[in-house]
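# Coordinate inspection notes
For reference, the chains in residue letters:
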Amino acid sequence: MNQNYEKLKQYVDKAAALGAALSLFGWDNETLAPKNSMEKTSKLVGILSSEYFNTIINDEVEQLLKELKVDNTLEEVEKAVVRCFAEDIDSLKTIPPQDFVAYSELTSKASSIWANARVENNFKLFEPVLAEIIEYNKKFAGTQAKDGQKIYDVKLDEYEKSFHITDLDEFFNQLKDTIVPLLKKIKEKEGFIKSDFLFKHYDIEKQKKFNHWITEYMGFDYSRGVLGESEHPFTTNLHREDVRMTTYYFENNLESAIFSSIHECGHALYEQGIDDKYAMTPVGQGASCATHESQSRFFENIIGRSRSFWVPIYDKLVELFPENLSDVTLDDFVKAINRVHADEIRTEADELTYCLHIMVRYEIEKKIFEENYPIDKLPQLWNQLYEEYLGVIPANDSIGILQDVHWSGGMFGYFPSYALGNAFSAQIYNQMKKDINVNKLLEEGNIKEIVQYLNTHVHQYGRSKTAKQILFDVTGEEFNPKYYIEYLTEKYSTLYEL
Ligand code: ZN
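What counts, and at which threshold
- Residues numbered from 1 in each chain as written.
- Predicted model: local features only at pLDDT ≥ 70, side-chain atom pairs only at ≥ 80, totals over all residues.
- Heavy atoms only, no water.
- Core = buried A, V, L, I, M, F, W, Y, C linked by side-chain atoms within 4.5 Å.
- Buried < 20%, exposed > 50% of the residue type's maximum accessible area, 1.4 Å probe, protein only.
- Domains from an automatic or database assignment.
- Contact = heavy atoms within 4.5 Å.
- Donors = N, O, S within 2.8 Å, 3.2 Å for Na, K, Ca; no water.
- Helix = DSSP H or I, 4+ residues; strand = E, 2+ residues; numbered from the N terminus.
- Pairing = 2+ DSSP bridges.
- Axes fitted to C-alpha atoms, helices over the stretch in contact; angles between N-to-C directions.
- Buried area = accessible area lost by both parts, 1.4 Å probe.
- Polar contact = N/O pair within 3.5 Å; in protein donor to acceptor, adjacent residues only side chain to side chain.

### Here's the deal with the nonpolar core
Core analysis: the biggest nonpolar cluster contains 159 residues, and F299, F309, W310, L317, L325 and F333 have the highest contact counts within it. Both domain 1 (3–144) and domain 2 (165–495) contribute no fewer than three residues apiece to this core. If we ignore the near neighbours within four places in the chain, the residues touching F299 are M218, I262, G266, L269, G304, I447, V451 and L454.

Here's what the structure looks like:
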């Protein structure tokens, strides 16, 4: 092995170990950590973060990377590791170390402050810490901005390279022009689809059994992962042999946990499917946030809400809950899980209105970073945009501006990747249908072949290819939102007989 690379690898390994420890604390915070642990645990997180920072940002690493970037003797995997490690460092190196530690402690604390504010339905409790997080983000982005670059573009770049305000404005405008009028027509047909049976009493133990089963059916390898519970479902991993997803069960809602689990399983299959040669390096993760979301939302919506997916497995659900489902036909069930319900909660949103929820957050983030919008006025702005796009005004801040965990973690610029992920998934699906008979495979219960297709074209590469490269290599063209818009228009015009 190349000597310089060998030296660098020691830093890469240490960063992976510290990163895994931080991920484990992140997981624990959301799942099992006791409420009063926050203060002291956030100190530990601060120390580990500082170690992480010093491990990747120091003179020796900088010198090694400089030489390795132009070293032609490196193997493919090594080259990818050097490129991704350098990218991770670039996004951090302009931040003063003491700020980085203070900020890590702050965001570690903020998630429980946010959770409490949400329970208390009181934005004022969250406002000071949110303001602090925003200030840090502006400061960090300011130091990272290249000549004349907009602050919000720096934030967007962190999660999805090369999709900037101008691209997103165009993408969202196209969506808005199609979906807002379509939604109006659908709203005129209120009551067209019955769904009351989804909201009867559903025993949680039985739900757990089904959610475990369905994720295994999709191909999740339980010898290399777990399904836990958290209020806000998510997926994380320590490495490819320890991939952790969560879901959340409601006693009076059958679909919420199922579609959260299917969504998270889409993320998890991606993580479990990355080639082992990239494991425990910066290459051993998804290509980008939107690419990750393209996988989770592909399974949640395009697959999970399709009739074909339920053909071989609906009986199993009826067997578990005969008291609620024995007189509900497969067709009625499929219609119900696809119904449009424009209400306040993003994570419970239907496939059609989901992007409108994202647009609200995008507009607000743009105002925060580009117009210095006052923080105390955000709840009103939130409600105003919900009324404009979705035609609903949240009754309170818990189901309004306090509903998402992201801002407490400083994740500004992340939301658009959900919408881009949807569009990526429709574009990939358009190609997949040409290559394999998706519906037939689903009806035969052969979902593994679909996972295999994604594994071959997307998962295995990890971060060794960029999002744009992956999309181009699978579909033969650049990002094109028309597939997503066509998919939504056709699906919902048919469903609502418009
Ligand atoms: Zn997701």
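### Brief notes about the coordination of the zinc ion
Distances from the zinc ion to its protein donors, H263 (NE2), H267 (NE2) and E293 (OE), fall at 2.1 to 2.2 Å. Positions of the donor residues of the zinc ion, expressed as sequence spacing, correspond to H-x3-H-x25-E. Of the two residues, H263 is situated in helix α10 (residues 255–273) and E293 in helix α11 (residues 289–303); the sequence distance between them amounts to 30 residues. Each of the two residues, H263 as well as E293, counts as buried.

### Observations concerning the pairing of strand β3 (residues 242–247)
Counting buried residues along β3, 6 of its 6 residues qualify, which places the element largely inside the surrounding structure. The two faces of β3 match: D242, R244 and T246 on one face and V243, M245 and T247 on the other face are all buried. Pairing between strand β1 (residues 225–229) and β3: 5 bridges, direction parallel. Note that in β3 the partner of L227 across the bridge is M245. Here strand β2 (residues 235–239) runs beside β3; their pairing, made up of 4 bridges, is antiparallel. What sits directly across from N237, in β3, is V243. Connecting the antiparallel pair β2 and β3 is a turn made up of 2 residues.

### Points about the sheet that holds β3
Across the sheet, 3 strands lie side by side as β1-β3-β2; this open sheet has mixed pairing. Whereas interior strands pair on both sides, the edge strands pair on one side only; in this sheet they are β1 and β2. Across this sheet, the average inter-strand angle for adjacent strands is 20 degrees, counted without regard to direction.

### Section: the domain arrangement of the protein
Annotation of the protein at the domain level lists domain 1 (3–144) and domain 2 (165–495). Between domain 1 and domain 2, the C-alpha centre-to-centre distance is 27 Å. The partner domain 2 presents 42 residues to the 35 residues of domain 1 that form the contact. For the pair domain 1 and domain 2, the two sides together bury roughly 3,200 Å², of which 67% comes from carbon and sulfur. When the buried surface of domain 1 facing domain 2 is broken down by residue, W27, R118 and F123 rank first, second and third, together holding 22% of it. Where domain 1 packs against domain 2, one counts 13 residue pairs in polar contact (both at pLDDT 80 or more). For the side of domain 1 that touches domain 2, the elements supplying multiple residues, two or more each, are α1 (3–31), α4 (76–92), α5 (97–120) and α6 (123–144).

### A few points about the side chain of Q272
Residue placement: Q272 occurs in helix α10. On the basis of relative accessibility, which here comes to 5%, the residue Q272 falls in the buried class. The contact partners of Q272, leaving out residues within four places of it in the chain, are G219, F220, D221, R224, G225, R240 and V243.

### Re the side chain of E344
In this fold, E344 is placed in the loop between α15 (330–338) and α16 (354–371). Leave out the neighbours within four places in its chain, and E344 touches H357, Y386, V392, I393, P394, I399 and Q403.

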